[in-house]
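# Inside the fold
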Amino acid sequence: MNSWLRQTARQQDDKDLIKVYVATTADEPTKIAGYYAINTTSILTEGMVGQKLPTSVPAVLLARLAVDASYKGQGLGGYLLMNALELTTATAEQIGIRCIVVDAIDANAGAFYKHYGFEQLTTDPDRFVMHLQTVRTAIQGSV
Ligand SMILES: CC(C)(COP(=O)(O)OP(=O)(O)OC[C@H]1O[C@@H](n2cnc3c(N)ncnc32)[C@H](O)[C@@H]1OP(=O)(O)O)[C@@H](O)C(=O)NCCC(=O)NCCS
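Residues numbered from 1 in each chain as written. Predicted model: local features only at pLDDT ≥ 70, side-chain atom pairs only at ≥ 80, totals over all residues. Heavy atoms only, no water.

## Concerning helix α5 (residues 132-142)
When α5 is considered as a whole, its buried residues turn out to be Leu132, Val135 and Ile139. All buried residues of α5 lie within an arc of 50° about the axis, which places them on one face of the element. Turned more than 90 degrees away from the buried face of α5 sit Gln140 and Gly141, all of them exposed. On the buried face of α5, the contacting elements are α3 (76-92), β4 (99-103) and β6 (124-131). (Buried < 20%, exposed > 50% of the residue type's maximum accessible area, 1.4 Å probe, protein only. Helix = DSSP H or I, 4+ residues; strand = E, 2+ residues; numbered from the N terminus. Arc of directions from axis to C-beta. Contact = heavy atoms within 4.5 Å.)

Right under this line is the structure:
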């Protein structure tokens, strides 16, 4: 996560491949306390429960989300995730987006996303999705 932020984030952002959002604090405005990176994708619907869907659907990909070790456990990861969900719902007002998807790097990360209501795909246990309607409900519950 650290090396990606240092070496790749700016280049990919400049090429409009991804957008990176960083969090800083008033005490240390030049230090990145946490960040997320987001873009769009298309995902296969096999393994998703619910309505009949085409083979693949448009989605927002939460490609990265990380909090600096010194800020963990203080609410920043949840704040960044909610910020990404808000951005997703705002975009979905104007562009077709079925869900937000994330590929968890390990079981700990997967537990974090489950905590917020993401569903684990039976066909791909590393992949977690949240349908837009659930995203809207999650945002309403957080305000
Ligand atoms: C996962 C990560 C982003 C969480 O950030 P954080 O700032 O420590 O989390 P927060 O303090 O904001 O926690 C918010 C909520 O999530 C819960 N939570 C945090 N980590 C969790 C985990 N691993 N499993 C389950 N719940 C978790 C907290 O208990 C808290 O719950 P509450 O609001 O009901 O009290 C952070 O640990 C991290 O950067 N990990 C390494 C990178 C990573 O795994 N990123 C995931 C992308 S694949």
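## Concerning unusual backbone geometry
Negative phi characterises most residues that are not glycine, and trans characterises most peptide bonds. Of note, Asp16 is a non-glycine position whose phi angle comes to about 60°, a positive value. Along the chain, Asp16 turns up in the loop between α2 (9-14) and β1 (19-23). Since its relative accessible area comes to 60%, Asp16 is described here as exposed.

## What about the packing of α3 against α5?
Look at α3 against α5: their axes get within 10 Å of each other, and the N-to-C directions meet at 125°. The angle between the axes of α3 and α5 places the two elements in the oblique class. Crossing angle aside, the handedness with which α3 passes α5 is left-handed. Listed contacts from α5 to Met82, Leu85, Glu86, Thr88, Thr89 and Ala92 of α3 are Leu132, Val135, Arg136, Ala138, Ile139 and Ser142. Residues that form the contact of α3 with α5 fall into these classes: seven nonpolar, three polar and two charged. (Axes fitted to C-alpha atoms, helices over the stretch in contact; angles between N-to-C directions. Parallel < 35°, antiparallel > 145°, perpendicular 65-115°, else oblique. Left-handed = near helix turned anticlockwise from the far one by under 90°. Nonpolar A, V, L, I, M, F, W, Y, C, P; charged D, E, K, R; others polar.)

## With respect to the site of the ligand
Close to the ligand lie 20 residues, the nearest being Leu65, Val67, Gly75, Gly77 and Gly78. Gly77 is positioned such that a nitrogen or oxygen atom in its backbone is 2.8 Å from an oxygen atom of the ligand. Between Phe112 and the ligand, the recorded distance is 3.3 Å, taken from a backbone N or O atom to a nitrogen atom. Its free accessible area being 920 Å², the ligand has 70% of it covered by the protein chains. (Near = heavy atom within 4 Å. Polar contact = N/O pair within 3.5 Å; in protein donor to acceptor, adjacent residues only side chain to side chain. Areas by Shrake-Rupley, 256 points an atom, 1.4 Å probe, with all protein chains shown as cover.)

## Re the sheet that holds β1
Ordered by their spatial adjacency, six strands build an open sheet running β1-β2-β3-β4-β6-β5, and the pairing between neighbours is mixed. Looking at strand neighbours, the two that pair on one side only are β1 and β5 (119-121), the edges of this open sheet. Neighbour-to-neighbour, the strand axes of the sheet open up by a mean angle of 35°, direction not taken into account. The pairing of strand β3 (residues 56-67) with β4 spans three bridges and is classified as parallel. Across the sheet, the residue bridging to Val60 is Ile100, located in β4. Those strands touched by α5 are β4 and β6, and its axis lies near 65° from that of β6. (Pairing = 2+ DSSP bridges.)

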